[in-house]
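# Descriptive structure summary
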There are 2 protein chains.
Amino acid sequence: MNREELVKQIFAKKSFLCVGLDVDLKKIPEPLLKEEDPIFAFNKMVIHATAPYCVAYKPNLAFYECYGIKGMMAFEHTIEYLKTSYPTHFIIADAKRGDIGNTSTMYARTFFEEYNVDALTVAPYMGEDSVKPFLVYEDKWVILLALTSNKGSHDFQLTEDKDGTRLFEKVLSKSQEWGNDQNMMYVVGATQGKMFEDIRKVAPNHFLLVPGVGAQGGSLQEVCTYGMIKDCGLLVNSSRGILYPCDKTSCDLHTYATQVAQKAQELQQEMETELKKL
Amino acid sequence: MNREELVKQIFAKKSFLCVGLDVDLKKIPEPLLKEEDPIFAFNKMVIHATAPYCVAYKPNLAFYECYGIKGMMAFEHTIEYLKTSYPTHFIIADAKRGDIGNTSTMYARTFFEEYNVDALTVAPYMGEDSVKPFLVYEDKWVILLALTSNKGSHDFQLTEDKDGTRLFEKVLSKSQEWGNDQNMMYVVGATQGKMFEDIRKVAPNHFLLVPGVGAQGGSLQEVCTYGMIKDCGLLVNSSRGILYPCDKTSCDLHTYATQVAQKAQELQQEMETELKKL
């Protein structure tokens, strides 16, 4: 999916919500555990409930790989289902890959040819030749880690060089020699608040994928105040806050799905308010 | 496997060779393509041929993931085969993972509980909480990217902070607050030559996993001159140089396997010479 189509979806749905499909079998409603593929069954329920309120889905590979072959089959089924039944939703594989050139080429084939997702998160540490193989695909996106939402982001990402440029700023500027705002986005954690102002100085036109709203404590309003641009330029992710709205034992499947939808709708409505300010 | 056992193997075999199991179906001998699981069949041949000359195996996940479920089954079979038939060989999953704490915990379970490998390569960009979940397992190892073998390593890893400390040096020193030389190694590319001297100033006792000898052009002798320590402290990896010793069409399976063994033995003999200098 290209930028124009993504932006069109955002303004049609009045939402820039991305739903993180990070399934934890310990937390999903018990009736689903009896299904042949419980992860996929849960995802289908979540996708059906949230599709009207979001523009993107982001399965994190860690949550599939940990169940071995079965988990990877659930991942494949989920991607197939999305592509068939919800073709206007943007699909991000959150895998944080990155390796030497010939190996990144293999990862690129996997995600952009085999799974055929729209975007892949990539780690920048290994530099140009670890990122470029992902950029040769038309209408596919690299989402490069810049300033992440976690506490450990302070360990290296904020390190200043001799000129006072912080590492995440160097990642933002250097990577613009490899890709552009039509094939590259950046991960910036919602927990980084006012730092979005600094991000926008270096990457004024790029889309940002923003995790960390909800469970991790980031503020949607703050993200929008400092990070939103003319065509929105934001995809804000929520995973745990939407997927697990209530205790799995306290409600039946129908009620659970309704609450999942409600959580997504609440975020969509906040986003609609923010989009009106444009 | 703990450090003591690994060192014992190195001196028993007079080798610190790690064989990278990066299978490319386009390059393997044609008779193997008829097997039910050609990747696993190729790996078994390579392992059988090289086991006397190496102490470790390192499958890179990119080369398995790219074949989807079949690829991941080949990966599982390879690990099982190694653990059953070659239990004294050290197994490294080269996956370069790393994510926020709860997600790294999932990756740690996958590789250290499900696959039960000895070590996993991890990317440092996201800092402490992305690395620590891998360090809670007894006799398991994080192999953290420090100074990689590729050209892109110059983009960020060599960036100097205000005090002149380069990013890879900061990764080396900071990460020693999280782990120690019994559960953490570092990736340092063989192509970095004299930089091993600088590495040893910050990490004098850690094992280093060294890719880049052979196809990537690094010198084994230089690595040893500047990087070897009392108990060796090196695992030098070769993948393409061993796996593809001749054109797949020009020799039969037996000859191919013999040449794989020869390539591994040549490296082992060079290593024996280096170990004698200790």
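Our subject is the structure that appears above.
Our subject in this report is the structure included herewith. All values reported here derive from a predicted model rather than from experimental measurement.

What counts as what
- Residues numbered from 1 in each chain as written.
- Chains lettered and ligands numbered in written order.
- Predicted model: local features only at pLDDT ≥ 70, side-chain atom pairs only at ≥ 80, totals over all residues.
- Heavy atoms only, no water.
- Contact = heavy atoms within 4.5 Å.
- Buried area = accessible area lost by both parts, 1.4 Å probe.
- Salt bridge = Lys/Arg side-chain N within 4 Å of Asp/Glu carboxyl O.
- Polar contact = N/O pair within 3.5 Å; in protein donor to acceptor, adjacent residues only side chain to side chain.
- Axes fitted to C-alpha atoms, helices over the stretch in contact; angles between N-to-C directions.
- Helix = DSSP H or I, 4+ residues; strand = E, 2+ residues; numbered from the N terminus.
- Parallel < 35°, antiparallel > 145°, perpendicular 65-115°, else oblique.
- Left-handed = near helix turned anticlockwise from the far one by under 90°.
- Buried < 20%, exposed > 50% of the residue type's maximum accessible area, 1.4 Å probe, protein only.
- Pairing = 2+ DSSP bridges.
- Right-handed = clockwise from strand over helix to strand, strands pointing away.

Moving on, we come to the interface of chain B and chain A. Frequently, the measure chosen for interface size is the accessible area removed from exposure when the parts meet. Taken together, the contact pairs 57 residues of chain B with 57 residues of chain A. Interface area for chain B against chain A, summed over the two sides, is near 5,100 Å², with a carbon-plus-sulfur share of 60%. Looking at the side of chain B facing chain A, the largest losses of area belong to Ile-69, Tyr-125 and Phe-156 of chain B, adding up to 18% of the total buried there. Remark: the boundary between chain B and chain A carries seven salt bridges. Here Arg-97 of chain A and Glu-65 of chain B are joined by a salt bridge, their closest N and O atoms 2.8 Å apart. On the surface where chain B and chain A come into contact, there are 28 residue pairs in polar contact (both at pLDDT 80 or more).

Residues and elements named next belong to chain A. Two elements in contact, helix α3 (residues 38–50) and helix α5 (residues 68–85), have axes whose closest approach is 9 Å; the angle formed by their N-to-C orientations is 30 degrees. By the angle class used here, α3 and α5 are roughly parallel. For the crossing formed where α3 meets α5, the hand is right-handed. For the pair α3 and α5, contact is made by Ile-39, Phe-40, Asn-43, Lys-44 and Ile-47 and by Gly-71, Ala-74, His-77, Thr-78, Tyr-81 and Leu-82, respectively.

Glancing now at the pairing of strand β3 (residues 90–97) of chain B. For a regular strand, side-chain orientation follows a simple rule: the groups alternate between the two sheet faces. All names here are of chain B. The buried fraction of β3 is high, at eight of eight residues. Here β3 shows two buried faces, one formed by Phe-90, Ile-92, Asp-94 and Lys-96 and the other by Ile-91, Ala-93, Ala-95 and Arg-97. Of the pairings in the sheet, the one linking strand β2 (residues 56–58) to β3 comprises two bridges and is parallel in character. Bridge assignment links Tyr-57 to a residue of β3, and that residue is Ile-91. The sheet contact formed by β3 and strand β4 (residues 119–122) spans three bridges and is parallel. Residue Ile-92 lies in a different strand from β4, and its bridge partner there is Ala-119. In this region the chain leaves β3, passes through helix α5 (residues 101–114) and returns to the parallel neighbour β4; the handedness of that crossover is right-handed.

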